[in-house]
Amino acid sequence: MANLSRDLRVPELAAQAGMSERTFARKYRTLIGVPPAETVKRLRADTARHHLRTSTLPLKTVAAKCGFGSVEQMNRVHLKFYGLTSRTLRDIG
């Protein structure tokens, strides 16, 4: 959770685990049930939602802090998981 703004793509995660990319992705999906990228998106979305509800940080700052490349990317992920934009998530607190 403390590293959500870092590169969390499969090549980086596999290297950290000392595995090939293919083996890491396959074992991860078998154990967790979803691809690694889906888990990273969910963790980033949940953390961003928490920041939006509990702080007054600008959307751009929240997006960067949670590892999103842009506010637009954060919005797309929030729409996918919650059916709401980042601004709406903030407004409903």
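Here's what I pulled together on the structure shown here. (Residues numbered from 1 in each chain as written. Predicted model: local features only at pLDDT ≥ 70, side-chain atom pairs only at ≥ 80, totals over all residues. Heavy atoms only, no water.)

### Considerations on the overall build of the chain
Put simply, the rule is: Comment: elements are numbered from the N terminus, with helices defined as DSSP H or I runs of at least four residues and strands as E runs of at least two. Think of it in three bands: with a 1.4 Å probe and only protein chains considered, a residue is buried below 20% of the maximum accessible area for its type, exposed above 50%, and partly exposed in between. In what follows, a contact means two residues having at least one pair of non-hydrogen atoms within 4.5 Å. Method for areas: the Shrake-Rupley scheme with a 1.4 Å probe, in which residue coverage is limited to the protein chains shown. None of His or the chain ends enter the tally, which takes Lys and Arg as positive and Asp and Glu as negative. Every charge is mapped onto a representative atom, which is NZ of Lys, CZ of Arg, CG of Asp or CD of Glu.
A count of helices and strands for the chain gives 6 helices and 0 strands. Secondary structure of the chain in N-to-C order comes out as α-α-α-α-α-α. Principal-axis analysis of the C-alpha atoms places the extent of the chain at approximately 40 × 20 × 20 Å. By residue count, 29% of the 93 residues in the chain fall in the buried class. Sequence-distant contacts in the chain: of pairs separated by 6 or more residues, those separated by 24 or more amount to 48%. When the accessible surface of the chain is totalled, it reaches about 6,000 Å², and 53% of it is carbon and sulfur. Positive and negative side-chain charges in the chain, numbering 17 and 7 respectively, have mean positions lying 3 Å apart.

### With respect to the side chain of serine 86
With respect to the secondary-structure elements, serine 86 resides in helix α6 (residues 86–92). With a relative accessible area of 0%, serine 86 lands in the buried category. Sequence-distant contacts of serine 86, defined by excluding residues within four places in its chain, comprise Leu52, Leu59, Met74, Asn75 and His78.

### Some details on the packing of helix α1 (residues 10–17) against helix α2 (residues 21–32)
Let me state the cut-off plainly: The axes are straight lines fitted to the C-alpha atoms, using for helices just the contacting stretch, and the angles between their N-to-C directions are given from 0 to 180°. Here the angle decides the label: under 35 degrees means roughly parallel, over 145 means roughly antiparallel, 65 to 115 means roughly perpendicular, and every other value means oblique. Throughout, the ten residues Ala, Val, Leu, Ile, Met, Phe, Trp, Tyr, Cys and Pro are labelled nonpolar, Asp, Glu, Lys and Arg are labelled charged, and all others, Gly among them, are labelled polar.
At their nearest, the axes of α1 and α2 sit 9 Å apart, and the two run at 90 degrees to each other. As far as their axial angle goes, α2 and α1 are roughly perpendicular. Together, Val10, Pro11, Leu13, Ala14 and Ala17 of α1 and Glu21, Phe24 and Ala25 of α2 make up the contact between the two elements. Counted by class, the contact of α1 with α2 contains 7 nonpolar, no polar and 1 charged residues.

### What to know about the environment of alanine 45
Looking at the element boundaries, alanine 45 is found in helix α3 (residues 36–54). Setting aside residues no more than four positions away along its own chain, alanine 45 makes contact with Phe68, Val77, His78, Phe81 and Tyr82.

### Some remarks on the pattern of salt bridges
For clarity, the cut-off: Definition used for salt bridges: Asp or Glu carboxyl oxygen within 4 Å of a side-chain nitrogen of Lys or Arg.
With the rule as written, the count across this model stands at 2 salt bridges. With its nearest N and O atoms 2.8 Å apart, the salt bridge here joins arginine 9 to aspartate 7. On the basis of relative accessibility, which here comes to 34%, the residue aspartate 7 falls in the partly exposed class. A salt bridge links lysine 80 to glutamate 38; the nearest nitrogen and oxygen atoms lie 3.2 Å apart. Separated by 42 residues along the polypeptide, lysine 80 in helix α5 (residues 71–82) and glutamate 38 in helix α3 bring together distant segments of the chain. With a relative accessible area of 24%, glutamate 38 lands in the partly exposed category.

Read these as spatial facts, not as claims about activity.
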